[in-house]
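Residues per chain, in single letters:
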Amino acid sequence: MSDQSTETFDAVVIGAGFAGLYSLYRLRNLGLSVKVFEAGDGVGGTWYWNRYPGARCDVESMEYSYSFDPELEQEWVWPDKYSKQSDILRYANHVAERYDLLKDIQFETRIKSAFYDRDANTWTIETTEGQKVRAQYCIMAVGNLSTPRVPDFKGVDRFKGDWYHSGLWPKEEVDFSGKRVGIIGTGSTAIQIIPHVAQQAKHLTIFQRTANYSLPARNGPLPEDVRAAHKKKYRELREQAYFTPFGIAGYPPPEKGAIEATPEEREAKYHEKWAEGGTISYLFSYTDLLLSEESNKTASDFVRERIRDIVKDPATAELLCPNDHPIGTKRICLDSGYYETFNRDNVSLVDVRSAPIEEITPNGLRTTKEEFELDSLIFATGFDAMTGAILEMDVRTSDGADMKERWKDGPKTYLGIMVSGFPNMFVITGPGSPGVKSQMILSIEQHTDWITDCIENMRAKGINRAEAEADAEVKWVEHVNEVANSTLYPQANSWYVGANIPGKPRIFMPYVGGVEAYKKICDEVVEKGYEGISLSP
Ligand code: NAP
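Everything numeric here is computed off the predicted structure, so don't read it as measured data.

Cut-offs and rules
Residues numbered from 1 in each chain as written. Predicted model: local features only at pLDDT ≥ 70, side-chain atom pairs only at ≥ 80, totals over all residues. Heavy atoms only, no water. Helix = DSSP H or I, 4+ residues; strand = E, 2+ residues; numbered from the N terminus. Buried < 20%, exposed > 50% of the residue type's maximum accessible area, 1.4 Å probe, protein only. Contact = heavy atoms within 4.5 Å. Pairing = 2+ DSSP bridges. Axes fitted to C-alpha atoms, helices over the stretch in contact; angles between N-to-C directions. Near = heavy atom within 4 Å. Polar contact = N/O pair within 3.5 Å; in protein donor to acceptor, adjacent residues only side chain to side chain. Areas by Shrake-Rupley, 256 points an atom, 1.4 Å probe, with all protein chains shown as cover. Salt bridge = Lys/Arg side-chain N within 4 Å of Asp/Glu carboxyl O. Core = buried A, V, L, I, M, F, W, Y, C linked by side-chain atoms within 4.5 Å. Phe/Tyr/Trp six-rings, centres within 6.5 Å; stacked < 30°, edge-to-face > 60°. Domains from an automatic or database assignment. Buried area = accessible area lost by both parts, 1.4 Å probe. Nonpolar A, V, L, I, M, F, W, Y, C, P; charged D, E, K, R; others polar.

A. Spotlight on the environment of Asp87. Within the secondary structure layout, Asp87 lies in helix H4 (residues 85-98). For Asp87, a relative accessible area of 6% puts it in the buried group. Sequence spacing of Asp87 and Trp47 is 40 residues, and the spatial spacing of their C-alpha atoms is 9.3 Å. If near-sequence neighbours (up to four positions away) are discounted, Asp87 is found in contact with Trp76, Trp78, Pro79 and Asp80.

Here's what the structure looks like:
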């Protein structure tokens, strides 16, 4: 495409998930011309792609939604306590239509590269089809779990049956009736898929490498009085959420550590939380579950006991008991009938830790010990999390900065929002932000508000370039690590540290100091005149 045809905007946003939609809304309201690119053919990001059976949010519906417009939150009706994927996608579409966002979004377009020219102070964004646009600001709203990963098993291409990745699920319903189905993975996704597919399939074989902790959701229709009561206090609750660790209101903070309680007290508390359902509630049993191994063990032991209670076959129960990480150091899974599913005659669990998968065969799968005949195979094998989507693109600058090179030893950001050497590029909930450790939509709004306020301030003062200072970035990365190392989080081999991707540098990526602390830091940066950010005309 010739240079003359390169359209120019004030800002380009990459991604039309919840972050992209809100960025468009805010930037447009500032009076900027904005172009959004989205790979899918609709809005919704993670909720557009993850259409697998059983897909549901693990944060309660009344919290997991936008807060920017009180009218929107009053008019929208969430049917369930925890929303299913189709309801969240319906909501994303409603928001896109209600605020007339669709006209600025170009769908079915993947971005190949983003190039910053320092002399011209512009970003040139190029699509895989060769279309180019220019903009002063580049907003990466690319998501943290948006690069699905199918492990490079030998033989996938020779498999004669159908195979699916949870994060690239077809729009049409997949019918597993009468089929011998295999699923690889037992993370949050698989734990949601398994009870559904087990009800359809002739036989479901679950290939588990690492057992995870899962808690009951106790999901159900949201009673009208609960919804109404929440709506009555919505403004107050939204405000409160910013003063919590996970950005979720309504959970009274715990008052003491687990080891300060008597064994009887603890047992009663964990039972109460188990009966209530939900992950935050359980983690909020005591103050020190993510800080003290001894305390954590009491909460981990309790879940292992419940697994042994539920799963009738003792060998299967033992295999399902997580034993390689403290509870909560990986994202806790939330399920509806997961452990109960293992009591079905048509379900079997295979340990691929002791006998790893060797190859996918034309008729199934072979481990080092056994061969399995399968008609369909589901990969619930996760994502190249937090950095995958940015590094998939070629992001560079005219003075030689290259994002792949810059992040080769792990991602480095300032506040999880900016990267030194890449001016006027803003990342929404990037590595180093509490995004994935919080109610994601709240973090998206907080980041986007911060970014748009920064741009508004720049425009008011005739500043054209904002660039994170290298020193400030180093200090932020040190702080993120220091906070993580004061907790039990780094003990788990999770996607938080890139452990699920062979060869990925092991760095703790999310900020785990909590939403409240993070927001305070972001606000202070602004109060100090955008401390750590070099602003130039
Ligand atoms: P994940 O947590 O990374 O789990 C991937 C699973 O695949 C793990 O059990 C992993 O085993 C297994 N696996 C990967 N490669 C394998 C191999 N070569 N052989 C055998 N097993 C292999 O991914 P996910 O379940 O998609 O979840 C990712 C994140 O998405 C969650 O942590 C959560 O934040 C989010 N999520 C949220 C919800 C919700 O809101 N309810 C639902 C789904 C997902 P290892 O553990 O041994 O690597």
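B. Molecular detail of the sheet that holds strand S15 (residues 371-373). Overall, antiparallel pairing links the three strands, which are arranged S13-S14-S15 in an open sheet. The open sheet has two edge strands, strand S13 (357-361) and S15, and neither has a second partner. Neighbour to neighbour, the strand axes of the sheet diverge by 15 degrees on average, direction disregarded. As paired elements, S13 and strand S14 (residues 364-367) share four bridges and run antiparallel to each other.

C. Seen up close, the site of the ligand. Lining the immediate surroundings of the ligand are 26 residues, of which Arg56, Thr189, Arg209, Thr210 and Trp495 lie closest. One nitrogen or oxygen atom from the main chain of Gly187 is found 3.5 Å from an oxygen atom belonging to the ligand. The contact in question runs from an oxygen atom of the ligand to an N or O atom on the side chain of Trp495, over 2.8 Å. Against a free-state accessible area of 910 Å², the protein chains account for coverage of 88% of the ligand.

D. Unusual backbone geometry, seen in detail. Although it is not a glycine, Asn121 sits at a positive phi angle of roughly 55 degrees. Along the chain, Asn121 falls in the loop between strand S4 (111-117) and strand S5 (122-127). In this structure Asn121 comes out as buried when scored by relative accessible area, which is 13%. The phi dihedral of Met386 falls on the positive side, at around 70 degrees, and the residue is not glycine. For Met386, the location among the structural elements is in the loop between strand S16 (376-379) and helix H13 (388-391).

E. View of the pattern of salt bridges. Within the structure shown, the criterion is met by 38 salt bridges. Between Arg56 and Asp80 there is a salt bridge; the shortest N-O distance is 3.2 Å. Of this pair, Arg56 sits in the loop between helix H2 (46-49) and helix H3 (70-75) while Asp80 sits in the loop between H3 and H4, and the two are 24 residues apart along the sequence. Where salt bridges share partners, they join Arg158, Glu358, Glu359, Arg366 and Glu371 into one cluster.

F. Seen up close, the environment of Ala470. Positionally, Ala470 belongs in helix H16 (residues 470-485). Sequence spacing of Ala470 and Trp163 is 307 residues, and the spatial spacing of their C-alpha atoms is 45 Å.

G. Looking closely at the pairing of strand S6 (residues 132-140). S6 sits mainly inside the fold: seven of its nine residues count as buried. When strand S1 (residues 7-14) meets S6, the two strands line up parallel, connected through seven bridges. Across the sheet, residue Glu7 finds its bridge partner in S6, namely Val133. Judged from the four bridges that link them, S5 and S6 form a sheet pairing that is antiparallel.

H. Spatial organisation of the nonpolar core. With 128 residues, the main nonpolar core has Phe18, Tyr66, Ile183, Leu204, Leu415, Phe426 and Trp450 as its most contacted residues. Of the residues forming this core, the biggest block, eight residues, is contributed by helix H15 (residues 440-461). Among all residues touching Tyr66, those that are not within four sequence positions of it are Gly17, Phe18, Leu21, Tyr22, Leu72, Glu73, Tyr91, Val95, Arg238, Ile441 and Glu445.

I. Broad picture of the packing of aromatic side chains. A full pass over the atoms with the stated rule returns 39 aromatic pairs. Centroid distance Trp274 to Phe302: 6.2 Å. Interplanar angle 70 degrees. Geometry classified as edge-to-face. Of this pair, Trp274 sits in helix H8 (residues 263-276) while Phe302 sits in helix H10 (residues 293-310), placing them 28 residues apart in sequence. The burial state of Trp274 is the same as that of Phe302; both residues are buried. Clustering of aromatic rings is evident, with ring pairs tying together Phe18, Tyr22, Tyr25, Trp47, Tyr64, Tyr66, Phe68, Trp76, Trp78, Tyr91 and Tyr99.

J. Molecular detail of the domain arrangement of the chain. Taken domain by domain, the chain comprises domain 1 (7-147 + 385-531), domain 2 (155-212 + 332-382) and domain 3 (251-331). Look at where the C-alpha atoms of domain 2 and domain 3 centre, and you get two points 27 Å apart. Counting residues at the interface gives 15 residues for domain 2 and 18 residues for domain 3. On the domain 2 side of the interface with domain 3, the three residues burying the most area are Ile332, Tyr339 and Asn343, jointly 46% of the side's total. Inspection of the domain 2/domain 3 interface yields zero salt bridges. Elements that contribute at least two residues to the side of domain 2 that touches domain 3 include exactly strand S11 (333-335), helix H12 (338-341) and strand S12 (347-351). Among the elements that make up the side of domain 2 that touches domain 3, the one with the highest residue count is H12 (three residues). Its residues assigned to classes, the side of domain 2 that touches domain 3 comprises eight nonpolar, five polar and two charged.

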